[in-house]
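Letter by letter, the chains look like this.
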Amino acid sequence: MHARRMICLIGYLLFLSATAHGASLGSGKVDPCTTLILVRHAEKRNETDTTTLTAAGYERADRLARLLSNTQLDAIYTTPFIRMQLTAAPTAAAKQLPIQDYQPHKMDEVERMVQQHTGKVILVIGHGNTLPSIINQFCGTTLPNLEGYNDLFILTIADLKQATNVYLRLFY
């Protein structure tokens, strides 16, 4: 069952990547959408701002890189905490992309990030209390704070100003 779910997820990510880059489907061209893949940082050692990951956290970071290995990524963003950067590091290394910082509580900065990468696929590593805020802002939802570390959201943004965007919640 786990392998089947992974195959479905990878297929969906590939579809999103193709449509985000304006690929043709049937006889019409799809308007470019920006796709955000949002993940909470992996398991952390403690509650301090300078904490690193646990062994399970490093394993989860590697699992994320494997999961996204066949997905086109154009940018990787994390908040400036070490645990975020460590979560993103295996994916960044595999994709040969730099890890860029963002401030999750500044929605205008998140919107600029989306505008800068219009039609692209962006991996965003965030916090359990900030990722739902980003999704809620773009989708008009009321998703609560995240408790676990295994959530992966795929958010497709067609319009920054209308709540017509959609997200898919998966677990990895």
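These figures come from a predicted structure and were not determined experimentally. (Residues numbered from 1 in each chain as written. Predicted model: local features only at pLDDT ≥ 70, side-chain atom pairs only at ≥ 80, totals over all residues. Heavy atoms only, no water.)

A. Spatial organisation of the overall build of the protein. Along its length, the protein carries five helices and eight strands. Here the protein holds 172 residues, and the buried ones make up 47% of them. Long-range contacts, defined here as pairs at least 24 residues apart, represent 62% of the contacts in the protein between residues at least 6 apart. Carbon and sulfur atoms make up 53% of the accessible area of the protein, which totals about 8500 Å². (Helix = DSSP H or I, 4+ residues; strand = E, 2+ residues; numbered from the N terminus. Buried < 20%, exposed > 50% of the residue type's maximum accessible area, 1.4 Å probe, protein only. Contact = heavy atoms within 4.5 Å. Areas by Shrake-Rupley, 256 points an atom, 1.4 Å probe, with all protein chains shown as cover.)

B. View of the packing of aromatic side chains. Throughout the structure, instances matching the rule amount to zero aromatic pairs. Above the plane of the ring of Phe 81 lies Arg 83, whose end atom (NZ or CZ) is 5.0 Å from the centre. (Phe/Tyr/Trp six-rings, centres within 6.5 Å; stacked < 30°, edge-to-face > 60°. Lys NZ or Arg CZ within 6 Å of the ring centre and 35° of its normal.)

C. Molecular detail of the pairing of strand S7 (residues 151-157). Counted residue by residue, S7 has seven buried out of seven residues, so it is predominantly covered. Both faces of S7 are covered, namely the face carrying Asp 151, Phe 153, Leu 155 and Ile 157 and the face carrying Leu 152, Ile 154 and Thr 156. Across six bridges, the pairing between strand S3 (residues 34-40) and S7 is antiparallel. Across the sheet, the residue bridging to Thr 34 is Ile 157, located in S7. (Pairing = 2+ DSSP bridges.)

D. Structural context of the sheet that holds strand S8 (residues 166-171). As summarised here, the arrangement of the six strands in space is S5-S4-S6-S3-S7-S8, forming an open sheet in which the pairing is mixed. Strand pairing shows two members of the sheet lacking a second neighbour, strand S5 (99-101) and S8, which therefore form its edges. Between one strand axis and the next, the sheet turns through 25° on average, direction left out of account. In this fold helix H4 (residues 107-116) packs onto S3, strand S4 (75-78), S5, strand S6 (121-126) and S7, with an angle of close to 155° to the strand it touches most, S6. Contacting S3, S6, S7 and S8, helix H5 (residues 131-139) crosses the sheet at an angle of about 150° to S3. (Axes fitted to C-alpha atoms, helices over the stretch in contact; angles between N-to-C directions.)

E. How the structure looks around the nonpolar core. Ranked by internal contacts, the top residues of the largest apolar core, which has 22 residues, are Leu 36, Leu 38, Tyr 102, Val 124, Ile 134 and Phe 138. Contributions of two or more residues to this core are made by S3, S4, H4, S6, H5 and S7. No other element matches the five residues that H5 contributes to this core. What Val 124 contacts, discounting residues up to four positions off in sequence, is Leu 36, Ile 37, Leu 38, Val 39, Tyr 77, Tyr 102, Met 113 and Leu 131. Among the nonpolar cores identified, the runner-up in size contains 17 residues, and Leu 67, Leu 97, Val 121 and Tyr 172 belong to it. (Core = buried A, V, L, I, M, F, W, Y, C linked by side-chain atoms within 4.5 Å.)

F. Focus on unusual backbone geometry. Phi at Gln 96 is positive, roughly 55°, even though this residue is not glycine. Structurally, Gln 96 is set in the loop between helix H3 (82-95) and S5. Residue classification places Gln 96 among the exposed residues on the basis of a relative accessible area of 74%.

G. Spotlight on the environment of Ala 92. Checked against the element boundaries, Ala 92 lands in helix H3. Residues Ala 92 and Ala 65 lie 27 residues apart in sequence; the distance between their C-alpha atoms is 8.1 Å. Not counting residues within four places of it along the chain, the set of residues in contact with Ala 92 comprises Ile 76, Leu 97 and Ile 99.

H. Broad picture of the packing of helix H2 (residues 55-67) against H3. Where H2 contacts H3, the axes come no closer than 8 Å and their chain directions differ by 35°. The handedness of the crossing between H2 and H3 comes out as right-handed. Across the interface between the two elements, Tyr 58, Ala 61, Asp 62, Leu 64 and Ala 65 from H2 touch Leu 86, Thr 87, Pro 90 and Thr 91 from H3. (Left-handed = near helix turned anticlockwise from the far one by under 90°.)

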